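# Structure assessment
Each chain is listed here by its residues.
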Amino acid sequence: MATKQILRAQLRSYPANGHSAYLPQIRKIVLEYCQKLPSSSNTRIFISNDLQRVAWQNPHVEFVVKQRNGHEPIARGFYVNGRDKVIPLQEFEVNGVEKKVQLLLDSSGAKIKPLKKGRIVESTTEAARGIWSGLHVDTPFKI
């Protein structure tokens, strides 16, 4: 009996989210701030005091700090699906800035879709009622 040759490309496993592995969807966070505007003061404090700790906790994410004079502070997240999310940071305290950065880290980057009218659960099947069995009715099903 001849054996079938196994090629190297057939042994490759492709990463996917599942019960044994989780792949974060975010790849890069850009923090943009102004050195002079008072609305950027809490963002500057977050960058100088807390950003290094957040970066150490998330080694899979590239953190970029960009100075933009004359502009309000923003946090921009770039995701593996090609989308990005922008959150303005001018009205937040230092812990609020950290929460918004954490929101970008936890987000999937997918577009927010409203649920269809009247449906609470989105499913591939319209009604999950189980498998019908002739043995579980008042009169047994006869063939």
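Whatever comes next refers back to the structure up there.
Treat the numbers as computed from the prediction; the structure is a model and nothing was measured.

## Considering the overall build of the protein
A tally of helices and strands in the protein yields three helices and four strands. If you list the helices and strands of the protein from N to C, you get β-α-α-β-β-β-α. Buried positions account for 24% of the 143 residues belonging to the protein.

## Quick word on the sheet that holds strand β3 (residues 74-79)
A sheet is described by the order of its strands in space; here four strands give the open sequence β2-β1-β3-β4, paired in mixed fashion. In the strand order of this sheet, the two ends are held by β2 (62-67) and β4 (84-88), each with one partner. The average angle at which neighbouring strand axes cross in this sheet is 15°, direction not considered. Against the sheet, helix α1 (residues 41-49) touches β1 (26-33) and β2, its axis set at about 130° to β1. Packing of helix α3 (residues 94-106) onto the sheet brings it into contact with β1, β2, β3 and β4, and relative to β1 it is tilted by some 155°.

## Digging into the side chain of Glu32
Position of Glu32 among the secondary structure elements: in strand β1. Taking the relative accessible area as the measure of exposure, Glu32 reaches 5% and is therefore buried. For Glu32, the side chain forms a polar contact with the side chain of Arg68, separated by 2.5 Å.

## Structural notes on the nonpolar core
Ranked by internal contacts, the top residues of the largest apolar core, which has 19 residues, are Ile29, Leu31, Phe46, Phe63, Val101 and Leu105. Elements represented by at least two residues in this core include exactly β1, α1, α2 (51-57), β3 and α3. Sort the elements by how many residues they give to this core and α3 lands first, with five residues.

## So, the pattern of salt bridges
A full pass over the atoms with the stated rule returns four salt bridges. For Glu32, the salt bridge is made with Arg68, and the minimal N-O distance between the two is 2.5 Å. With Glu32 in strand β1 and Arg68 in the loop between β2 and β3, this residue pair connects regions lying 36 residues apart in the sequence. Judged by relative accessible area, Arg68 falls into the partly exposed class, the value being 26%. Taking the shortest distance from any N to any O, the salt bridge between Glu32 and Arg76 comes out at 4.0 Å.

## Description of the packing of aromatic side chains
Applying the stated criterion to the full structure yields zero aromatic pairs. The ring of Phe78 has Lys28 sitting right over it, with the charged end atom 5.7 Å from the ring centre.

## Observations concerning α3
Counted at 1.5 Å a residue, the expected span for α3 with its 13 residues is 18 Å, and the 19 Å between its end C-alpha atoms agrees. Taken residue by residue, α3 has Val94, Gly96, Val97, Val101, Leu104 and Leu105 as its buried positions. The elements touched by buried residues of α3 are β1, α1, α2, β2, β3 and β4.

Cut-offs used in this document
- Residues numbered from 1 in each chain as written.
- Predicted model: local features only at pLDDT ≥ 70, side-chain atom pairs only at ≥ 80, totals over all residues.
- Heavy atoms only, no water.
- Helix = DSSP H or I, 4+ residues; strand = E, 2+ residues; numbered from the N terminus.
- Buried < 20%, exposed > 50% of the residue type's maximum accessible area, 1.4 Å probe, protein only.
- Pairing = 2+ DSSP bridges.
- Axes fitted to C-alpha atoms, helices over the stretch in contact; angles between N-to-C directions.
- Contact = heavy atoms within 4.5 Å.
- Polar contact = N/O pair within 3.5 Å; in protein donor to acceptor, adjacent residues only side chain to side chain.
- Core = buried A, V, L, I, M, F, W, Y, C linked by side-chain atoms within 4.5 Å.
- Salt bridge = Lys/Arg side-chain N within 4 Å of Asp/Glu carboxyl O.
- Phe/Tyr/Trp six-rings, centres within 6.5 Å; stacked < 30°, edge-to-face > 60°.
- Lys NZ or Arg CZ within 6 Å of the ring centre and 35° of its normal.
- Expected span 1.5 Å × (residues − 1).

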